[in-house]
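Okay, here's what each chain looks like letter by letter:
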Amino acid sequence: PDTGCLSIIVLGASGDLAKKKTFPALFNLYRQGFLPPDEVHIFGYARTKLSDDDLRDRIRGYLSHGKDNGEELSKFLQLIKYVSGAYDAEEGFRALDKAIFEHEVSTKSSEGSARRLFYLALPPSVYPSVCKMIKLYCTNKSDLGGWTRIVVEKPFGKDLASAEQLSSQIGELFDEPQIYRIDHYLGKELVQNLLVLRFANRFFLPLWNRDNIDNVQIVFREDFGTEGRGGYFDEYGIIRDIIQNHLLQVFCLIAMEKPISIRPEHIRDEKVKVLQSVEPIKEEEVVLGQYEGYTADPTVPDNSNTPTFATVILRIHNERWEGVPFILKAGKALNSRKAEVRVQFKDVPGDIFRCQKQGRNEFVIRLQPSEAIYMKLTVKQPGLEMSTVQSELDLSYRQRYSGVTIPEAYERLILDTIRGDQQHFVRRDELKEAWEIFTPLLHRIDRGEKKTVLYKPGSRGPTEADELLQRAGYVQTHGY
Ligand code: BG6
């Protein structure tokens with residue numbers, strides 16, 4: 001049932017993820033009435049010994065957004081309780097269970113049913129022990145209904161073998177419908193729009209294939225480096241941090257076949273199929289970069305070969321996409337912050353205007369910042385002469401939906417976990433396929449067999465990446 005008592009337990013409550021993402025998302029949901037105070041309690045759990053008020057003080061500053069929402073904020077903070085304990089200790093989890101249970105019996109509207117949502121804002125190394133403790137001591141035992149769900153964050157492993165091991169360890173304790181693997185890109189407004197754009201518009205249906213599309217770029221750029229996260233980052237690198245998850249999810253939504261329906265399982269089935277159709281990555285279709293100064297971080301070894309930039313071409317072996325390169329590109333410390341999908345169409349055959357040097361048709365979905373969807377097309381230059389020019393059909397969200405607040409990814413995803421909707425979460429077999437694709441390349445990088453090239457911070461990244469783009473058939477067009 002989706003009513004009654006709800007306990008949200010944030011494990012790793014004093015960590016960065018909890019403070020910056022989880023609690024702010026919960027506060028926003030509370031403000032919009034999704035967490036009714038007579039049903040919901042939030043529990044923080046971590047090793048540090050703190051009082052309820054200590055935890056509230058630690059997170060308060062992350063929730064106010066500079067706005068004066070004092071009264072609401074205080075009421076929200078009153079919903080939060082704190083329990084301290086180790087991540088592998090029976091007593092801590094027994095104490096947690098007791099606190100949750102007290103809340104459940106005191107909640108009149110629960111009528112015996114109890115929902116328990118465990119959010120693991122923790123490093124994956126402790127997932128197995130924490131899941132075991134939850135299973136043994138903290139699952140909902142009410143025989144009148146309710147559920148226990150687990151929310152986990154990437155990195156889910158470091159390669160195929162370690163991811164499979166982690167999946168099995170958690171899978172022995174909880175069933176797949178209880179496990180929510182967050183990829184926060186799936187909570188972004190324009191990522192959620194991809195399915196609608198593709199399958200609710202007659203325009204695209206006949207064009208979305210190798211006959212019409214020349215190449216697809218899925219790009220993530222950040223204009224800052226790994227500041228303060230060098231230790232974590234150096235162990236993972238840009239492919240594990242961004243490409244294998246965030247960009248690959250976007251890739252699935254762009255490339256998959258039409259699902260039978262919009263039911264989560266149908267959508268995820270199609271994602272798995274397209275991942276299974278990806279060919280092995282070719283060495284010559286990968287460029288890796290590292291920005292100058294990256295190793296100056298004291299937590300990064302001087303001889304690190306970890307990429308902070310990568311361009312990787314994926315090729316799909318199926319009837320729709322044979323021969324079309326999908327160029328996945330991600331980089332830190334570049335010249336701008338942007339995430340977008342750029343679908344470039346082929347040239348018009350027998351072009352009577354001889355205008356193709358001006359550029360090709362493109363369909364662009366800008367995920368962030370300033371969400372927008374636009375099409376680049378050729379029109380007549382207004383005036384007496386018959387000349388052509390590149391222009392845009394532009395749906396800019398800021399103008400078109402000016403009064404609408406676009407929800408934060410985490411807000412939406414946490415609400416989905418409460419509602420039991422797994423559409424925007426990564427299924428176990430999807431994760432396995434994603435690791436299958438990248439593991440051989442990652443192992444070559446880890447062994448130092450595939451080297452990174454240096455690039456200047458604040459640049460476009462290595463010039464080798466632009467050359468690869470051209471070799472793949474991308475034609476730079478005018479405009480934006
Ligand atoms: C995270 C990565 O998953 O996504 C970070 O670990 C990255 O390295 C972040 O900065 C980007 O998220 P967003 O939503 O700002 O694009």
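Residues numbered from 1 in each chain as written. Predicted model: local features only at pLDDT ≥ 70, side-chain atom pairs only at ≥ 80, totals over all residues. Heavy atoms only, no water.

An unreviewed UniProt entry annotates the protein as Glucose-6-phosphate 1-dehydrogenase of Coffea canephora. What UniProt states about the protein under its Sequence similarities (unreviewed entry) heading is, verbatim, "Belongs to the glucose-6-phosphate dehydrogenase family." Of the comments in the UniProt record for the protein, the one headed Pathway (unreviewed entry) reads "Carbohydrate degradation; pentose phosphate pathway; D-ribulose 5-phosphate from D-glucose 6-phosphate (oxidative stage): step 1/3." (UniProt positions renumbered as here; feature names shortened; annotations may be inferred.)

Novice: Report on the overall build of the protein, specifying residues and quantitative values.
Specialist: Broken down by element type, the protein carries 13 helices and 15 strands. The globule rule puts the C-alpha radius of gyration for 480 residues at 23 Å, and the 24 Å found for the protein is close to it. Over its C-alpha atoms, taken along the principal directions, the protein stretches across nearly 75 × 50 × 45 Å. Out of the 480 residues in the protein, the part that is buried amounts to 55%. Considering only residue pairs separated by 6 or more positions, the protein has 77% of its internal contacts joining residues 24 or more positions apart. Split by element, the accessible area of the protein, about 21600 Å² in all, is 51% carbon and sulfur. Where the 65 positive side-chain charges of the protein centre and where its 69 negative ones centre are 2 Å apart. (Helix = DSSP H or I, 4+ residues; strand = E, 2+ residues; numbered from the N terminus. Rg over C-alpha atoms; globule rule 2.2 N^0.38 Å. Buried < 20%, exposed > 50% of the residue type's maximum accessible area, 1.4 Å probe, protein only. Contact = heavy atoms within 4.5 Å. Areas by Shrake-Rupley, 256 points an atom, 1.4 Å probe, with all protein chains shown as cover. Lys, Arg positive; Asp, Glu negative; His and termini not counted. Charge placed at Lys NZ, Arg CZ, Asp CG, Glu CD.)

Novice: Lay out the site of the ligand with the relevant residues and their values.
Specialist: By nearness alone, 13 residues border the ligand, and Tyr 185, Lys 188, Glu 222, Asp 241 and Gln 368 come closest of all. Lys 154 places a polar side-chain atom, nitrogen or oxygen, 3.0 Å from an oxygen atom of the ligand. Taking Tyr 185, its side chain carries an N or O atom lying 2.4 Å from an oxygen atom of the ligand. Considered on its own, the ligand offers 400 Å² of accessible surface; in the complex 81% of this is hidden by protein. (Near = heavy atom within 4 Å. Polar contact = N/O pair within 3.5 Å; in protein donor to acceptor, adjacent residues only side chain to side chain.)

Novice: Explain the packing of aromatic side chains to me, using residue names and the numbers behind them.
Specialist: Per the stated rule, a full pass over the model turns up 18 aromatic pairs. Ring centres of Tyr 30 and Phe 76 lie 5.5 Å apart, and the angle between their planes is 50 degrees; this geometry places the pair in the tilted category. Placement of the pair is Tyr 30 in helix 1 (residues 16-31) and Phe 76 in helix 3 (residues 70-78), with a sequence separation of 46 residues. Assessed through its relative accessible area of 12%, Tyr 30 is described here as buried. Ring geometry for Phe 204 and Trp 208: centres 5.8 Å apart, planes at 75 degrees, overall edge-to-face. Neither Phe 204 nor Trp 208 differs from the other in exposure class; each is buried. Cluster of aromatic residues (ring-pair linked, three or more members): Phe 233, Tyr 291, Tyr 294, Phe 309 and Tyr 455. Looking at Arg 149, its charged tip hangs above the ring of Trp 147, at a distance of 3.7 Å from the centre. (Phe/Tyr/Trp six-rings, centres within 6.5 Å; stacked < 30°, edge-to-face > 60°. Lys NZ or Arg CZ within 6 Å of the ring centre and 35° of its normal.)

Novice: Give a detailed account of the pattern of salt bridges, specifying residues and quantitative values.
Specialist: Within the structure shown, the criterion is met by 37 salt bridges. The partner of Arg 116 in a salt bridge is Asp 97, with the nearest N and O atoms 2.7 Å apart. Remark: Asp 97 occurs in helix 4 (residues 90-106) and Arg 116 occurs in strand 4 (residues 114-120); sequence separation between them is 19 residues. Each member of the pair Arg 116 and Asp 97 is classed as buried. Between Lys 376 and Glu 362 there is a salt bridge; the shortest N-O distance is 3.9 Å. One end of the pair, Lys 376, is in strand 13 (residues 372-380); the other, Glu 362, is in strand 12 (residues 362-368), with 14 residues separating them in the sequence. (Salt bridge = Lys/Arg side-chain N within 4 Å of Asp/Glu carboxyl O.)

Novice: For the confidence of the model for the protein, give the residues involved together with the corresponding values.
Specialist: The pLDDT averaged across the protein works out to 93; a share of 96% of its residues lies at or above 70. Both scores are given for the predicted complex: the pTM is 0.95, the ipTM 0.97. (pLDDT = per-residue confidence, 0-100.)

Novice: Any details on the side chain of Thr 226? Residues and values, ideally.
Specialist: Its place among the elements puts Thr 226 in the loop between strand 7 (213-221) and helix 8 (230-255). Contact partners of Thr 226, with chain neighbours within four places excluded, come to Phe 233, Tyr 291, Tyr 294 and Lys 332.

Novice: Tell me about the sheet that holds strand 5 (residues 146-153), and name the residues and values.
Specialist: Sheet architecture is open: six strands sit in the order 3-2-1-4-5-6, paired in parallel fashion. On the outer flanks of this sheet lie strand 3 (80-84) and strand 6 (179-182), each paired with one strand and no other. Ignoring strand direction, the axes of neighbouring strands in this sheet form an average angle of 20 degrees. The pairing of strand 4 with strand 5 spans six bridges and is parallel. Within strand 5, the position partnered with Phe 118 by the bridge is Ile 150. (Pairing = 2+ DSSP bridges. Axes fitted to C-alpha atoms, helices over the stretch in contact; angles between N-to-C directions.)

Novice: With reference to specific residues and values, describe the pairing of strand 12.
Specialist: Each regular strand shows side chains that alternate between the opposite faces of the sheet. By the criterion of burial, strand 12 is predominantly enclosed, with seven of the seven residues buried. Bridging between strand 11 (residues 338-345) and strand 12 involves six bridges; their strand directions are antiparallel. Along strand 12, the bridge assignment pairs Ala 339 with Gln 368. Note that strand 12 and strand 13 share five bridges and pair antiparallel. Among the inter-strand pairings, Val 364 is bridged to a residue of strand 13, identified as Tyr 374.

Novice: Help me get a handle on the packing of helix 8 against helix 9 (residues 264-276), residues and values and all.
Specialist: Axis separation between helix 8 and helix 9 bottoms out at 9 Å; the angle between their running directions is 100 degrees. Looking at the two axes, helix 8 sits roughly perpendicular to helix 9. Contacts from Leu 248, Gln 249, Phe 251, Cys 252, Leu 253 and Ala 255 of helix 8 reach helix 9 at Lys 271, Val 274 and Leu 275. Residues belonging to the contact of helix 8 with helix 9 are distributed by class as follows: seven nonpolar, one polar and one charged. (Parallel < 35°, antiparallel > 145°, perpendicular 65-115°, else oblique. Nonpolar A, V, L, I, M, F, W, Y, C, P; charged D, E, K, R; others polar.)

Novice: Pulling in residues and values, what's your account of a nonpolar patch on the surface?
Specialist: Judged by side-chain polarity, Ile 352, Phe 353 and Met 386 come together as a nonpolar surface patch covering roughly 390 Å² of accessible area. Tracing the backbone through its elements, the reader meets Met 386 in the loop between strand 13 and strand 14 (388-396). Residue Met 386 is classed as exposed on the basis of its relative accessible area of 62%. (Patch = residues over 30% accessible without salt bridge, like charges linked within 9 Å, V, L, I, M, F, W, Y side chains within 5 Å.)

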